[in-house]
Amino acid sequence: MSRRRNWGAGEFGTTSTAAGEPKACEGLSTWHVCENAVPSGLDNHVNEALFALGNGFIGVRGTFEEGYAGPLNSKGEVPSEQGIFINGFYDEHVIKYPEVGYGQPEKDSVMLNVTNSKIIKMTVDGEPFDMYHAEAKVEQYYRQLNLKEGTLTRELVWTSPKGKKLKLETLRMVPLDENRKNVYVQEYVVTPLSENIDSIVIQSEMNGKVTNKPQSKDPRVGAGFTGQVLKMKRRAAQDPKYSFIESRTTCSNLSLMCGMANTMTYDDKVVEPDCSEIDEQAIRHEFTIPVHKKKDAKIVLRKYVVYVSTQCFRDEEKSEGDCSEYVEKTASKVLKQTMSVDFSKLLDEQKVFLANYYETATIDIKGDDMLQQGLRFNIFHLLQAVGRDGITNVGAKGISGEGYNGHYFWDTEIYILPFFLYSRPDIARNLVQFRVGTLDKARQRAQELGGIKKGALYPWRTIHGDECSAYFPAGTAQLHINADIAWAFKQYMEATDDTELLIHGGAEMILEMARFWLEYGNWSPAGHFQINCVTGPDEYTCLVNNNYYTNIMVQDALSYAVDIAYQLRYEHGAAYEQLCSKISLDESELNEMKKAADKMYLPYDKYIGVHPQDDSFLQKKPWDFENTPADKYPLLMNFHYLVIYKFKVLKQADLVLALLLQSDKFTENEKKVNFDYYEPLTTHDSSLSTAVYSVVAAEIGYYQKAYNYFKCTARMDLDNIHNNSQHGIHTACMAGTWMCVVRGFAGFSVYNNVVHLNPYLPQEWKGYSFKLTYKGAVLKVEVNSKTVVYTCVNGGRINFVHGNTQKIYLKKGRSKEVLLKDKFEDLTTLNFDSVVIDLDAAIPTIQQCHFESWREVLTTFFEQKLDIKNCGLNSGFTVNDYLKDLRNQIASHRFAGLETFLKKTTGLDIPVGSSHDLPGYDTLWALGNKKTEVFRKMIEENPPQASLEMLQLFKTLKNEGMKLGLVTYSKSGESLIQNSGLKRYVDAYVTGTEMGALGLRGKPHMDMYERVVEQLFTDASRCVVIINDPIGFDPVKIARFKYSISFPSPIVEKQPWTAEELAVIEQDHHRIGIQKVVKDLPSCLNVDVMDEWVTNSEPYEDRIARIYEDGSKKALSFKFTSQ
């Protein structure tokens, strides 16, 4: 079975659960993320990123004020990174290449870890406060990220080793209001609970001695710095309350001023600091509170911190000396202004800001609190991460960690910008403005390649406009970044009609990028425009010719460049003439752009019916997923690039992303064929992948697969699915969550300036709603079980198309309720429209063939390899051996049952081997392959036949309009179905041969059944499933089907189960969610009986509730963890 992470089938790999389940506190709250126990190790490290606060300028990791003093991780490292970051504040280092190549970037830019101002330490009668001290006691601990209020709070009761007891409450808040972007505040409240405390000392500190993580073996983490590069320049204390540290970068020559002020009260009386102590690179305000054994009186410390960098006024023409004075004046002014505002008012402002943000940005779902929490967490973090000043952008990890060095990627344009465009278009404009503002750098980069005379090439990864990617095959070669920016700008213009931005830089940017393509591409002898030596989105396939995604996106970008040139010419003639003069643009270039777009090479392979990812992709050997262990993912961390590049394997969506972004250029059938081909080849080693597969799966009717990919996307960081959230959250994946719901489930798209919506309701939900902002109007979309309600809640009016056919026009305040178009065709009058049957249930004699095949193989094996008498074996093995061991596939690998049987009966410990082992090898796989060989010969000589009663059942179901599907795990399944007489009645089937090719898992997973449901173009909620042996299956997966039946066919023909045996089977099957157990399939089943069972069956919600309430169901441990 493939070890590829099959997230489309609901497999999410190993998740990391933070201490005390960080997803819930005293019952799940969808507006909070909590931890209920003091974290340590990886849990602590991950939660520092999850609990990070930010406002697009300042980012503050969720570390404790006193620091981390818990256990080291398995590598002997401290699992903690203090981390305070300023978006876009960077230093540079020279990139050291073993071999220097022309045009390679000379310097890398790295977002810096800046002055640590979070520090608050406490001693109680000389004992330091330490949650991790072995002799101390921590009670009533919880920490909570409040998504509505934008605060991080902690509360606990601590008893020191000497018995001093107190309560500690902390609060941290980074204001999201742009007018307060330079500050953040903390509150530290201590309440003595015992009468044996004489004095408490609290120190509030800021420390300029900070460094970034050194370079590591993981290319996604670590900077090329040695030691401290942000050097403290000076310290200043204006009075006992206000202190400042100014620092300057080593190479980029940027200045940063960090200011701190503290106020304290004890029992509502003001406490002044004893001293403003200055260490080597730190300033500390110390407060001594004489408690005098008095308990319950609160000590309240409030800390105000400000950061001002030269970026805040980069247009100011000042000398270095003036600049230093200016940052201090600005910092002092902002700090004092903030302190003049009542602390509670600052908190209230944050609530109001977030309420206004969620008004247009949130997505509400009914039916799954875990996913609702994931959505809200992601939408909150996106706001914290995005730069809103036009000179900063969104890092791949936001400002929550050092991953990817704070660089900006194409993530912004393809994933993040669409979210803000349709919720907060003002923020989207700033993201576009960043690219417009760095156009000159892009022109310079194009020239650096050599041989490029005109045009602009944007950097693959950057902070201030320069290329920072040292590995060009997966960096600069991803030239599609230009087309991505053009696509995003086109989306922005369609949604906003922002002519001002188009005239002032936008059109120039689009045309300069189009010029680059004319220079870089070439004409083939066949007259096609082609683009060679590029890397598409898939970073496991590099430096190829005619990457399909790149070509089709460039085609769109070239056409758009011509369109906006003509738009400017006819609507803004003076601006067009000025632009042509500025960049020396003439008509011949526009003609060449149109010609290149019209003649773009977009290959198609007629033999397999797919678009090749590139010119060489189809010629490669597929990656051996079946023999790649789970711990070898991601591949980039375990295999040399050359090994990966030579195989047919994808890191992330590539051509499938083209299906999404250029959706109107493909038929539904083309999408299905290409999706089916590329999905099994995709590892999803990139967090950018699952959202794309979810949306496209929804478009083509693979609804369960779309939902499974969505679940993975929505909780990528909360569940640390990629095992690297400790280095920062995944901003693009977070925005992808919005894509899954709005573009996927709700069918939102914009074609030719027309909004389209085609919603459906996932069966797990009772409803969902969201809002879209388009051309100044705000449309609310509420999807319920039977209808969708559209309301224009703001703006003038909005026109759109529902369900591809119905045009709707709404003015402000008007609503329209529309029946949901059922996503399934040819609905029957019954309560279900399809039946999927296990072939072993349809033809019970198949089990007899399997049994006889194993008996023959193992009898021969014992005779050849063993002294049978010494082993106590008189002949082969029995039916009971087969039932208990050989048929058991609920274990670590395919032949675990065989392994158990051999150890138990002979003591042999035979290696597993690989699927390529030939019969005769002493491996489990070799024995299995021999059994397959015997089985095939057996069924060829005497093909198992469906009984006349079974054929009649299939015929009856078919006549009633049922869609029929078959599932068989046998690689001889095609032959079995063909010879059984059932094929003429069946609409779809999946066999063991397709299982490996499609990346589907075998028993006890439901992948095969779900795949057949997709091929029937229906949904599990409308399908009856009949399973031969469901033991080990996930009850939740079974419950998704409309009705479940098991038919435990006996192994030995004409020897039916006894009443006692059947009673045990029924009990076991009911326990895992099977609703009906039948002992004679044809005679027990007909359409009327099945319809009666379905009609009277337990509702889905009740089944799910019952499953989770039953603690005996060991197959269920956690809803989002693969079993």
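Refer to the structure presented above.
Residues numbered from 1 in each chain as written. Predicted model: local features only at pLDDT ≥ 70, side-chain atom pairs only at ≥ 80, totals over all residues. Heavy atoms only, no water.

Enquirer: Before we move on, could you go through the overall build of the chain and cite the residues and values that matter?
Expert: When helices and strands are tallied, the chain shows 33 helices and 38 strands. Judged by the C-alpha coordinates and their principal axes, the chain covers about 95 × 85 × 65 Å. For the chain, with 1123 residues in total, the buried portion stands at 62%. The contacts of the chain with a sequence gap of at least 6 include a subset with a gap of at least 24, amounting to 69%. For the chain, the accessible area works out to roughly 42,600 Å², and carbon and sulfur atoms hold 48% of it. For the chain, the distance from the average position of its 127 positive side-chain charges to the average position of its 146 negative side-chain charges is 1 Å. (Helix = DSSP H or I, 4+ residues; strand = E, 2+ residues; numbered from the N terminus. Buried < 20%, exposed > 50% of the residue type's maximum accessible area, 1.4 Å probe, protein only. Contact = heavy atoms within 4.5 Å. Areas by Shrake-Rupley, 256 points an atom, 1.4 Å probe, with all protein chains shown as cover. Lys, Arg positive; Asp, Glu negative; His and termini not counted. Charge placed at Lys NZ, Arg CZ, Asp CG, Glu CD.)

Enquirer: Can you explain the sheet that holds strand β20 (residues 363–366)? Please cite residues and give values.
Expert: Taken in spatial order, the 5 strands make up an open sheet running β20-β27-β28-β29-β32, and their pairing is antiparallel. Each edge of the open sheet is held by one strand with a lone partner, namely β20 and β32 (815–819). Averaged over neighbouring strand pairs, the angle between their axes works out to 15 degrees when direction is ignored. As paired elements, strand β27 (residues 767–774) and strand β28 (residues 777–783) share 7 bridges and run antiparallel to each other. Its bridge partner lying in β28, Thr773 is registered against Val778. (Pairing = 2+ DSSP bridges. Axes fitted to C-alpha atoms, helices over the stretch in contact; angles between N-to-C directions.)

Enquirer: Talk me through the environment of Tyr422; I want residue IDs and the actual numbers.
Expert: The residue Tyr422 is located in the loop between α5 (411–421) and α6 (425–437) in this model. Note: C-alpha distance between Tyr422 and Ala706 (284 residues apart in sequence) is 22 Å. Setting aside residues no more than four positions away along its own chain, Tyr422 makes contact with Gln491, Ala495, Trp738, Phe748, Val750, Lys771, Leu772, Thr773 and Tyr774.

Enquirer: An account of the sheet that holds strand β25 (residues 749–751) is requested, with residue identities and associated values reported.
Expert: Reading across the sheet, the 4 strands line up as β25-β26-β30-β31 and stay open at both edges, with mixed pairing between neighbours. Two strands bound the open sheet, and with one partner strand each, they are β25 and β31 (806–811). The mean inter-strand angle of the sheet, taken between neighbouring strand axes irrespective of direction, is 35 degrees. Two strands pair when backbone bridges link them, and strand β26 (residues 754–757) and strand β30 (residues 797–802) are joined in this way by 3 bridges, in the parallel orientation.

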